[in-house]
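Here is how the chains run, residue by residue.
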Amino acid sequence: MTVQTPLTPGTPDTGGPRPGPATVASRVHRRVGSLRRTEGVYYLFLVPALVLFTAFVVAPACVGVFYSFTDYLGFGQWHFLGLENYRALVSDPAILGSYGFTLGFAVVTVIVTQVIALALAIALTKRVRFASGLRAVFVIPMVVSGIIVAYVFNFLFSNTLPALATAVGFGPLEQSILGDPDLAWLAIVIVSAWQTIPGALLVYTAGLTSIPTDVYEASSLDGAGAWKQLRSITLPLIGGFIVINTVLGVKGYLGAYDVIVGLTNGGPGSATSSVAMTIFTGFTSGDYAYQMANATVFFVITVLISVLQLAVTRGRNLRLA
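Residues numbered from 1 in each chain as written. Predicted model: local features only at pLDDT ≥ 70, side-chain atom pairs only at ≥ 80, totals over all residues. Heavy atoms only, no water.

Colleague: Quick one: what's the story with the packing of helix H6 (residues 184–209) against helix H9 (residues 239–254), residue by residue and with numbers?
Modeller: Contact pair H6 / H9: the axes reach a minimum separation of 10 Å and the direction vectors enclose 155°. Our classification of the angle between H6 and H9 gives roughly antiparallel. Judged by the sense of rotation from one axis to the other, the crossing of H6 with H9 is right-handed. The segment H6 lies against H9, with Ser192, Thr196, Ala200, Val203, Tyr204 and Gly207 engaging Phe241, Ile242, Asn245 and Tyr253. (Axes fitted to C-alpha atoms, helices over the stretch in contact; angles between N-to-C directions. Helix = DSSP H or I, 4+ residues; strand = E, 2+ residues; numbered from the N terminus. Parallel < 35°, antiparallel > 145°, perpendicular 65-115°, else oblique. Left-handed = near helix turned anticlockwise from the far one by under 90°. Contact = heavy atoms within 4.5 Å.)

Colleague: Give me unusual backbone geometry: which residues, what numbers.
Modeller: In this model, Gly267 is joined to Pro268 through a cis peptide bond whose omega is -5°. Looking at the secondary structure, you find Pro268 in the loop between helix H10 (258–263) and helix H11 (275–283). The residue Asn265 is not glycine, and still its phi comes out positive at about 55°. You can see Asn265 is positioned in the loop between H10 and H11. What makes Asn265 exposed here is its relative accessible area of 53%. (Buried < 20%, exposed > 50% of the residue type's maximum accessible area, 1.4 Å probe, protein only.)

Colleague: Outline the side chain of Thr102, listing residues and values.
Modeller: Residue placement: Thr102 occurs in helix H3 (residues 93–124). Residue Thr102 is classed as buried on the basis of its relative accessible area of 2%. A polar side-chain atom of Thr102 sits 2.7 Å from the main-chain carbonyl oxygen of Ser98. Not counting residues within four places of it along the chain, the set of residues in contact with Thr102 comprises Tyr253, Leu254, Ser274 and Val275. (Polar contact = N/O pair within 3.5 Å; in protein donor to acceptor, adjacent residues only side chain to side chain.)

Colleague: Residues and numbers for the packing of aromatic side chains, please.
Modeller: Counted by the stated rule, this structure contains 16 aromatic pairs. By way of ring pairs, the aromatic residues Phe66, Tyr67, Tyr72, Trp78, Tyr257, Phe280, Phe283 and Tyr288 are connected into one cluster. (Phe/Tyr/Trp six-rings, centres within 6.5 Å; stacked < 30°, edge-to-face > 60°.)

Colleague: Just give me the short version of the nonpolar core, but keep the residues and values in it.
Modeller: The biggest cluster of nonpolar side chains holds 35 residues, and the ones touching the most others in it are Phe105, Phe157, Val191 and Leu263. Looking at this core, the elements with two or more residues in it are helix H2 (84–90), H3, helix H5 (146–168), H6, H9, H10, H11 and helix H12 (288–320). Setting aside residues up to four positions removed in sequence, Leu263 forms contacts with Ala150, Phe153, Asn154, Phe157, Leu178, Ala187, Ile188 and Val191. In terms of nonpolar packing, the next biggest core, distinct from the first, is built from 14 residues, Leu118, Leu124, Tyr204 and Ile238 among them. (Core = buried A, V, L, I, M, F, W, Y, C linked by side-chain atoms within 4.5 Å.)

Right, here's the structure in full:
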């Protein structure tokens, strides 16, 4: 009796004996059993994570949303108010100002970050000396705590920069820009961009290295210069990376907190108070339910941006496929 050896997927048919039905059924049975055992292991790791996530994230969030419809102070008794907190948000100048600053800061910072990160990525993917070392140096800001970075730049903007401006006679910077309501936001943009450029740089570097060099060589033969290659080849082929970096950047800047606390603490006055700062400050000043309503609105905005991210990147992936 000839022993039949089953063919594995991708193995060419050499004309030898084929596996019989019993052999195939046995292998399928063992495969299904293996999958079932693997799924059990997945559940073993998944269930504890779901329990912890539900207990420490989902449940507190649901409780907070409930309290946003009350006059709860964070302790003691409470009364149900319905939508009063949400109506008050619409007419509160402090809340509207924090949203205006946060959205404007996010848009400006994401533009500055993406332009500089893309320029650095293009430069570092060229055949330049010490490119690997420069990449390591540029990534360093990403691993430093935001609050530490903010305190260091606070000293620079408050002491070093005014001293240099005084020495060279440049009047506009002889006083700290952190104390100027019209310029304090600029310091926050600079520090936030300095800290987040490395992450965007890594993403763009990965996108640029995935472009075949043959494309650039063919375009050079056709007479395309560096600018035309950037506009017609590089940017379209890394379009998905640009979308991801942009949307993630906006989401991250919407929740800016530690850099602003370390630089201006929301000042001068409330000129640089972000939504996150307003929410956390309200939790400790007796506005728990009111700021929880603010946090709920902020959460909805963040979810909408996330949905937009999924829609845009899915469409981009389909066009590039």
